[in-house]
Amino acid sequence: MFHQSLDWTVEMTTIPSTAAAIADAVRSGVLKATDVLEAHLARIAEREGEIHAFNLVTTDEARAAAARIDADVAAGRDPGVLAGVPIAIKDNMCTRGIATTCSSKILEGWRPPYDATVVQRLAAAGAVTIGKTNLDEFAMGSSTENSAFGVTYNPRDITRVSGGSSGGSAAAVAAGFSPISIGSDTGGSIRQPAALCGVVGVKPTYGTVSRYGLVAFASSLDQVGPFSTDVRDSALVLEAISGHDPMDSTSIPQGPLSLQGVLSQGVEGLRVGRITDMPGGADPDVTERLEAAFDALQAAGAIMVDVQMPSMKYGLTAYYLIAPAEASSNLARYDGVRYGMRVNAPDTNAMYSATRSAGFGDEVKRRIMLGTYALSAGYYDAYYGKALKVRRLISEDFDRAYTKADVLLTPTSPIVAFPVGAKSDDPLAMYLCDVYTIPTNLAGHPAMSVPFGTGAFGLPVGVQIMAPTLGEQTMFRVAASLERSMIASGGGR
Ligand code: GLN
């Protein structure tokens, strides 16, 4: 990471760059949470103007939270494993009393009456929420250009996009605004921006992290997960936010994931799969890094195997029927009555229509129309029904592949960060950004992106590690191994 080596000095205090190191220092009284926070607020003041990672920086609430952490430490109470660690939250997660916009005009003025489970758990672990990050409206997009509040620029090159839809969360970590952040991933929205901004991003197994308080986009695909500068910090955050939640009916009834302990285990004897019939289209600078990742894992003792995923190429098509179908239903609740904005009109139907016309952006409207069409009488079987069959075939492909391989590797994104505006008039080109990330959402499997060097224009390239349901431990072992090989080769992380 480009800012990795920059430990900041604030009034003679050095602030470490990772969440793990900050929490250790705060818990042991070596560092004050308030100093950690002020260092990050200063960093935000310096660069947020050109990056726009946040919809809202919650300075006052963060200062109050940091002061409470310091008071806990002074009184001999342990604030938790994320003590005093600033964290940025994607603005589609509910924060009690604090605006939650989904980067949409339609939620104008709405303040949730409750915290998302993830937000609650982070606070309980001592993390300090520093702000709400920008996203593509309702998490629909791959560049954070679909936000009603403007683009989030890539901290690595501010003429380029940060990826999306969790572009603000990825950029916040890449710019050093917070060592960790939270995003949501329906088709790639954590992994793809992580890859484009050169940070780690994890989509855990469907059901391991509660969706309670995550504003729904496509409920059967949505998952919450972390961004961080290194693999260990993502493990740390996932341990803190995972585990059963009775408030989410799809939550897996088991305890939190246990990940930090496996990071040093290495990959000796692990079978790493290469998908020989993977959909094409990745740029050569990206595939070169994927090959380097295979080489690094082999050098670390892993065994390379070839697998086939014949249905993978239909993933994108199936996703763009299933996700909009679910979205068209989930977004029906924004009607001018229950939430946010209302445009008055002579009768109720006209009010609904005027509110939704004014409140939703173009991409959201496109998805609602696509989804409504795919679910309509006479087309349901041909579109939505067929997409569900493809979803099943993709899961079966994965099941077969995982009899031969423990993990599968692909590029995260087919391309490095593209210039702002380059794809905004071409929805299909934008959709292709997620060709490698979507299949795991359809299957519900875990997957993560790890920065693995740079490609064209010196921009970061991410490698995607996929694993079967609840295969997070294996996935993290591979991620840690790739990270070690990058550090050993002098490439940083
Ligand atoms: N880019 C994909 C989409 O636009 C995925 C978004 C996401 O994961 N939230 O739907």
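Heads up: the structure comes first, above all this text.
About the criteria used
Residues numbered from 1 in each chain as written. Predicted model: local features only at pLDDT ≥ 70, side-chain atom pairs only at ≥ 80, totals over all residues. Heavy atoms only, no water. Helix = DSSP H or I, 4+ residues; strand = E, 2+ residues; numbered from the N terminus. Rg over C-alpha atoms; globule rule 2.2 N^0.38 Å. Buried < 20%, exposed > 50% of the residue type's maximum accessible area, 1.4 Å probe, protein only. Core = buried A, V, L, I, M, F, W, Y, C linked by side-chain atoms within 4.5 Å. Contact = heavy atoms within 4.5 Å. Salt bridge = Lys/Arg side-chain N within 4 Å of Asp/Glu carboxyl O. Polar contact = N/O pair within 3.5 Å; in protein donor to acceptor, adjacent residues only side chain to side chain. Axes fitted to C-alpha atoms, helices over the stretch in contact; angles between N-to-C directions. Parallel < 35°, antiparallel > 145°, perpendicular 65-115°, else oblique. Nonpolar A, V, L, I, M, F, W, Y, C, P; charged D, E, K, R; others polar.

Student: Go over the overall build of the chain with me, naming the residues and quoting the values.
Tutor: Tallying secondary structure elements over the chain gives 15 helices and 15 strands in all. Against the 2.2 N^0.38 benchmark of 23 Å for 493 residues, the chain shows a C-alpha radius of gyration of 21 Å, consistent with a compact globule. Summarising its shape, the C-alpha atoms of the chain cover approximately 65 × 55 × 45 Å along the three principal directions. Counting over 493 residues, the chain shows a buried share of 61%.

Student: Summarise the nonpolar core; cite the residues concerned and give the values.
Tutor: Within the largest apolar cluster, 82 residues are counted, with the highest numbers of intra-cluster contacts made by Leu 122, Ile 182, Leu 409, Met 448, Ile 465 and Phe 476. Leu 122 has contacts with Leu 82, Ile 87, Ile 89, Ala 127, Ile 182, Val 237 and Ile 241, leaving out every residue within four places of it along the chain.

Student: Hey, could you go over the pattern of salt bridges for me, with residue numbers and the actual values?
Tutor: Evaluated as defined, the whole model comprises 14 salt bridges. Notably, a salt bridge pairs Asp 78 with Arg 27, separated by 2.7 Å at the nearest N-O pair. Here Asp 78, found in the loop between helix H3 (59–74) and strand E4 (86–90), pairs with Arg 27, found in helix H1 (residues 19–27); they are 51 residues apart in sequence, far enough to count as distant. With a relative accessible area of 51%, Asp 78 lands in the exposed category. By relative accessible area, Arg 27 is classed as partly exposed at 34%. Note that Asp 91 is salt-bridged to Lys 132, the shortest N-O span being 3.1 Å. In this pair, Asp 91 is assigned in the loop between E4 and helix H4 (117–124) and Lys 132 in strand E5 (residues 128–133), connecting sequence segments 41 residues apart. Taken individually, Asp 91 and Lys 132 each receive the classification buried, so the pair is uniform in this respect. Three or more residues are tied together by salt bridges with common partners; here these are Glu 363, Arg 366 and Arg 367.

Student: Which residues make up the side chain of Ser 413, and what are the values?
Tutor: As for its placement among the helices and strands, Ser 413 is situated in the loop between strand E13 (407–411) and helix H13 (427–431). With relative accessibility at 4%, the residue Ser 413 sits in the buried group. Separated by 2.6 Å, the side chain of Ser 413 and the backbone oxygen of Ile 415 make a polar contact. Excluding its chain neighbours within four sequence positions, the residues that come into contact with Ser 413 are Gln 192, Leu 196, Val 286, Cys 433 and Tyr 436.

Student: So what's going on with the packing of helix H9 (residues 315–330) against helix H11 (residues 362–375)? Which residues, and what values?
Tutor: One can describe the packing of H9 onto H11 by two numbers: an axis separation of 7 Å at closest approach and a directional angle of 100°. Here H9 is positioned roughly perpendicular relative to H11, judged by the angle of their axes. Counting all contacts with H9, which are made through Tyr 320, Leu 321, Pro 324, Ala 325 and Ser 328, the residues of H11 involved are Arg 367, Ile 368, Leu 370, Gly 371, Thr 372, Ala 374 and Leu 375. Across the contact of H9 with H11, the residue classes break down as 8 nonpolar, 3 polar and 1 charged.

Student: Report on the environment of Ala 42, specifying residues and quantitative values.
Tutor: Within the secondary structure, Ala 42 sits in helix H2 (residues 33–51). Among the residues examined, Ala 42 registers a relative accessible area of 41% and is labelled partly exposed. Each C-alpha atom, one on Ala 42 and one on His 52, is 15 Å from the other, the two residues being 10 residues apart in sequence.

Keep in mind that these numbers describe shape and distance, not what the molecule does.
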